[in-house]
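# Structural features, examined
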Amino acid sequence: MASYLHADRSAPQPPDRGTLDALITQARTLRGRLDAVRRGADADAEAEPDPGVAEADPRTRWRRALCELAVHQLDDLGSQLDQLREGMPPETPRAWPSADQPPGEAAADTPGAAYSAARPSEEPAPSRSDRVGSAEWNLLTDEVSWSPELYGIFGRTERDGPLSLDELPSWVVPEDQPALATAFTDCLVDGRAIDQEFRLVRPDGSVGTVHLVGEPVLDGDGSTASMWAVVRDVSALRRSEHAVRQTRDSLQRERHLARTEHRLAVELQEAVLPPWRGSLRFPQGDERTTGALDLAAHYLPSASSSLIGGDWYDAMELPGGATLLTAGDLTGHGVTATSGMAMLLGAVRGMALAGVGPGALMGHLNQLLDSTAQPSLGSALCCRYEPRARALTWAQAGHPAPLLFRGGVGGVLPRPEGVLLGVTSGAAYGQRTVELQPGDLLVLHTDGLAPDDALRPSGPGSGPRSTALHAGSARLLALADRFTAADSAQECVRAVAEAFADREREDDACVLVVRVTS
């Protein structure tokens, strides 16, 4: 039985795949054009008479650095679009400097900063004008030149002045200081280019991530005369990557929990439902007993096999030769539903063995469900069959009535009074008794066979007190000819399974077929 709680709006739909493919194509096209621009910048640099001198064209260096940053940004964009199209981030997303402290998180206890950090605040998104800045440190004159954008990235003003290479590491979080110091040493001593990300702590306490691309400028003797750099603020990008990684981890945990819950629900269902398969005869061991029963049952899963509901069926011999026949359904899916089903079915078995009649038994089930810690609704059908008199006494709680097939015609038994279990405290449940005949066929089922609608019953058992016919019952009644031609209850169950295999069910269902032998 599906839950009685429904979402008030549909779930958001994933992006259209065609739109994503178009964006990916555009990103790749831009990447190719950018490579052409970068090759042009490199050609200009090679055309300079002496690119190693301190007076080398700063505009060329600026273009080359901006190309490198743009390449990184387009590569990030392409990777994220690919992940979005696949619907799930890869197992190993791109790591940023430290997974323990993403950009924008607190840095109040960060030691080694050039100031006493204030209470950290959420980092504001920088404007477009201060996303990229440049700097040059002249090692011969100790002159430092910063662009206005770089002051904005560091949270400083031009009145504060630029930072020297010696001062810069103290603005970086301690975990990133060794890597930055190594990069500076490799650049200044060995002449290697820098391509490094690090996290800086601003005066307001906020933490940002920046991507620095730089290289040394050599004098005529081949010694390092200065170092220039282009710095890009990638804080927003890294926050987005961190959010994607957290979402991926959350999805993986949810999937693991769902698989575990599904496995537990299946194991619990298999442990609780009757272990017998194929036909079963009650009373057992005596073929000549008057009014003996030939029984068979079948569980029909939902279209989504992950949805294990609270459906049950059972048949059990009782003291004195009587037989218990029952079917029911509890709202919800998963371990909660199957554990609730186990509780109710156990209660049905215990009370039936104690001789409690079907009507009173339903009242006790309602009280039990009403007193549980997790309120839920359920429907149930309970029958007590006396073989000597071929008398079937039954009660129901908001459940589809049993179907009786006699002489090739099927009909619905008139329903006694009974509301859903768990709806109200102290509900009264009536019971009815019908005399069966040799050859009669009785079908009990849960309401997940087919979506419900309002059809009127016909055939034996229908009368002015009958309620609207369940859609699953209507389709079962249409199988009267096949039931009549069947030689056993098992053949009838096989016919039901074939008839209801033509469409997908939103919920699981159970069918119990009982044939009165001659």
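Check the entry above for the structure.
Quick look at the structure, then. (Residues numbered from 1 in each chain as written. Predicted model: local features only at pLDDT ≥ 70, side-chain atom pairs only at ≥ 80, totals over all residues. Heavy atoms only, no water.)

## A few points about the nonpolar core
Residues Leu325, Leu365, Leu392, Val443 and Phe483 are the most contacted members of the largest nonpolar core, which totals 80 residues. The contacts of Leu392, once residues within four sequence positions are left out, are Leu325, Cys383, Arg384, Tyr385, Leu413, Arg432, Thr433, Val434, Leu436 and Leu442. (Core = buried A, V, L, I, M, F, W, Y, C linked by side-chain atoms within 4.5 Å. Buried < 20%, exposed > 50% of the residue type's maximum accessible area, 1.4 Å probe, protein only. Contact = heavy atoms within 4.5 Å.)

## Description of helix α10 (residues 489-499)
Given 3.6 residues per helical turn, the α-helix brings residues three or four places apart onto the same face. For α10, the set of buried residues is Ala489, Cys492, Val493, Ala495, Val496 and Ala499. An end-on view of α10 places all buried positions within 155° of arc, on one side of the element. On its buried face, α10 is in contact with β7 (293-300), β15 (441-445), α8 (471-477), α9 (480-485) and β16 (509-516). (Helix = DSSP H or I, 4+ residues; strand = E, 2+ residues; numbered from the N terminus. Arc of directions from axis to C-beta.)

## Concerning helix α7 (residues 358-370)
Given a rise of 1.5 Å per residue, 13 residues ought to cover 18 Å, and the 18 Å separating the end C-alpha atoms of α7 matches this to within 8%. By the burial criterion, the buried members of α7 are Pro358, Gly359, Leu361, Met362, Leu365, Asn366 and Leu369. Axial view of α7: buried residues confined to an arc of 155°, hence all on one face. Considering only its buried residues, α7 is in contact with β9 (323-330), α6 (335-353), β10 (378-386) and β11 (391-397). (Expected span 1.5 Å × (residues − 1).)

## Observations concerning the sheet that holds strand β2 (residues 144-146)
If you trace the five strands from one edge of the open sheet to the other, you get β2-β1-β5-β4-β3, paired in antiparallel fashion. The strands lining the two open edges of the sheet, one partner per strand, are β2 and β3 (194-201). Strand after strand, the sheet turns through a mean of 25° between neighbouring axes, direction not considered. Of the pairings in the sheet, the one linking strand β1 (residues 132-138) to β2 comprises three bridges and is antiparallel in character. Its bridge partner being in β2, Ala135 is matched across the sheet by Trp146. Of the strands in this sheet, β3, β4 (207-218) and β5 (224-233) are in contact with helix α4 (residues 177-190), which crosses β3 at around 140°. (Pairing = 2+ DSSP bridges. Axes fitted to C-alpha atoms, helices over the stretch in contact; angles between N-to-C directions.)

## Structural notes on the packing of aromatic side chains
Applying the stated criterion across every chain, the model contains four aromatic pairs. Pairing Trp146 with Phe154 gives two aromatic rings, centres 5.0 Å apart and planes at 45°, and the pair type is tilted. Note on accessibility: Trp146 and Phe154 belong to one class, buried. Consider the rings of Phe405 and Phe483, whose centres lie 4.9 Å apart with planes at 90°: the pair is edge-to-face. Here the residue Phe405 occupies a position in strand β12 (residues 403-406), and Phe483 occupies one in helix α9, the gap between them amounting to 78 residues. (Phe/Tyr/Trp six-rings, centres within 6.5 Å; stacked < 30°, edge-to-face > 60°.)

## Some words on the pattern of salt bridges
Across all of its chains, the model carries eleven salt bridges by this definition. Among the ionic pairs, Asp314 bridges to Arg349, the shortest N-O distance being 2.6 Å. Residue Asp314 is found in strand β8 (residues 312-317), and its partner Arg349 is found in helix α6; the two are separated by 35 residues along the sequence. Here Asp314 falls in the buried class, since its relative accessible area comes to 4%. Given a relative accessible area of 22%, Arg349 falls into the partly exposed group. (Salt bridge = Lys/Arg side-chain N within 4 Å of Asp/Glu carboxyl O.)

## Regarding the pairing of β7
The element β7 is extensively covered by neighbouring structure, given that seven of its eight residues are classed as buried. Note: strand β6 (residues 280-282) against β7, three bridges, orientation antiparallel. Of the residues in β7, the one forming a bridge with Arg281 is Asp294. Across eight bridges, the pairing between β7 and β16 is antiparallel.

## Overview of the environment of Ala181
As for its position among the elements, Ala181 is in helix α4. Sequence spacing of Ala181 and Pro169 is twelve residues, and the spatial spacing of their C-alpha atoms is 7.2 Å.

## A word on the side chain of Asn366
Locating Asn366 in the fold gives a position in helix α7. Polar side-chain contacts of Asn366 include one of 2.8 Å to the backbone oxygen of Thr424. The residues contacting Asn366, other than those within four sequence positions of it, are Leu420, Leu421, Gly422, Val423, Thr424, Ser425, Gly426, Ala427 and Tyr429. (Polar contact = N/O pair within 3.5 Å; in protein donor to acceptor, adjacent residues only side chain to side chain.)

## Some details on the packing of α6 against α7
Where α6 contacts α7, the two axes come as close as 10 Å, and the packing angle between them is 145°. The two elements α6 and α7 meet at a crossing, and its hand is right-handed. Residues Met343, Leu344, Ala347, Val348, Met351 and Ala352 of α6 lie in contact with α7, whose contacting residues are Leu361, His364, Leu365, Leu368 and Leu369. (Left-handed = near helix turned anticlockwise from the far one by under 90°.)

## As for the environment of Glu149
One can find Glu149 in helix α3 (residues 148-154). Residues Glu149 and Ser134, spaced 15 residues apart in sequence, show a C-alpha to C-alpha distance of 7.6 Å.

## A look at the pairing of β1
With seven bridges connecting them, β1 and β5 associate as antiparallel partners. Bridge assignment links Ser134 to a residue of β5, and that residue is Val230. Where β1 hands over to β2, the hairpin turn is made up of five residues, of which Asp142 adopts a positive phi near 60°.

## Comments concerning unusual backbone geometry
The phi angle at Asp142 is positive, at roughly 60°, despite the residue not being glycine. Its place among the elements puts Asp142 in the loop between β1 and β2. A relative accessible area of 67% means that Asp142 is categorised as exposed. Notably, Arg390 is not glycine yet its phi reads approximately 50°, a positive angle. Mapping Arg390 onto the fold places it in the loop between β10 and β11.

## A few points about the packing of helix α5 (residues 235-272) against α6
Between α5 and α6, the least distance of the axes is 8 Å, while the angle of their chain directions is 15°. When the axis of α5 is compared with that of α6, the two are roughly parallel. Judged by the twist between their axes, the crossing of α5 over α6 is left-handed. Only Val335, Thr338, Ser339, Met341, Ala342, Leu345 and Arg349 of α6 make contact with α5, whose side of the interface consists of Glu261, Leu264, Ala265, Leu268, Gln269 and Val272. Tallied by class, the residues present in the contact of α5 with α6 amount to eight nonpolar, three polar and two charged. (Parallel < 35°, antiparallel > 145°, perpendicular 65-115°, else oblique. Nonpolar A, V, L, I, M, F, W, Y, C, P; charged D, E, K, R; others polar.)

All quantities given are derived from atomic positions and should not be read as evidence of function.
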